[in-house]
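Remarks on the overall topology
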Amino acid sequence: MNARKLFYLGIPVIFIIGTVFHFIYELTGSLFAVGHFAPVNESIFEHMKLALVPTALWYIPAALLAKEKPESGKWFVAMLISQLVSALLMPLIFYGYTQAFGVKSTLVDILIYLVSTAAGQLLAAHFYRYGKAPDYRLSLALSLLLIALFAFFTVKPPRLPIFRDPVSGTYGIYQSI
């Protein structure tokens, strides 16, 4: 499979991985280590993690599945683009529809995740096709730093609305303590 097709295949694959990640913290008995990479509560911030680790988990094996080895510089920048676009688009759409229409819907939330994932992958594919290939180490380091920052803010969340669990009113991983 050529590298470009992998971006499109990534949409359902990342969506499925993210769906599993949505429940994995609870399924593992609330393991502290798992909470760094999977949502630990219902806050929008915790759900933004679904754009980070599942995307990285797709990009690494996808590079191995490609018929021709992807250009690593472009590949990892594309991964970072997908992560950033997906993670930022989720709260923008979520707050847009909940605040504008006063509606809360689990089905719409799931569709937001799918749309955000698709937008991230499509922009990543566009970059991969037309962008310049920088050194892969910077984009890979930024991607890992982004994941690390999300893990940190799971343990030490600021008291801002995006970090607040709307169900329990708590913040971060220590909500049950």
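Keep in mind that this is a model prediction, so the values were computed, not measured.

What counts and what doesn't
Residues numbered from 1 in each chain as written. Predicted model: local features only at pLDDT ≥ 70, side-chain atom pairs only at ≥ 80, totals over all residues. Heavy atoms only, no water. Helix = DSSP H or I, 4+ residues; strand = E, 2+ residues; numbered from the N terminus. Expected span 1.5 Å × (residues − 1). Bend = angle between axes of the 7 residues up to and from the residue. Buried < 20%, exposed > 50% of the residue type's maximum accessible area, 1.4 Å probe, protein only. Contact = heavy atoms within 4.5 Å. Polar contact = N/O pair within 3.5 Å; in protein donor to acceptor, adjacent residues only side chain to side chain. Core = buried A, V, L, I, M, F, W, Y, C linked by side-chain atoms within 4.5 Å.

The end-to-end C-alpha distance of helix α1 (residues 3–27), which contains 25 residues, comes to 34 Å, matching closely the 36 Å that a straight helix rising 1.5 Å per residue would cover. Taking the largest bend as the criterion, α1 deviates by roughly 40°, centred on G10, and proline P12 comes between one and four positions later. Burial in α1 covers these residues: A3, L6, F7, G10, I11, I14, F15, G18, F21 and Y25. The inward-facing, buried residues of α1 abut α2 (32–35), α4 (53–65), α5 (72–101) and α6 (106–130). Among the residues of α1, the N-terminal cap falls to N2, whose side-chain oxygen and the backbone nitrogen of R4 are separated by 3.1 Å. With its phi angle positive at about 75°, G29 sits one or two positions after the end of α1.

Among the nonpolar cores identified, the biggest contains 42 residues, and F7, Y59 and W75 are the most heavily contacted of them. Where this core is concerned, the elements lending two or more residues are α1, α3 (44–48), α4, α5, α6 and α7 (136–155). Looking at which element gives the most residues to this core, the answer is α5, with nine residues. Each residue touching F7, except ones within four places of it in the same chain, is listed here: Y59, W75, A78, Q121, A124, A125 and Y128.

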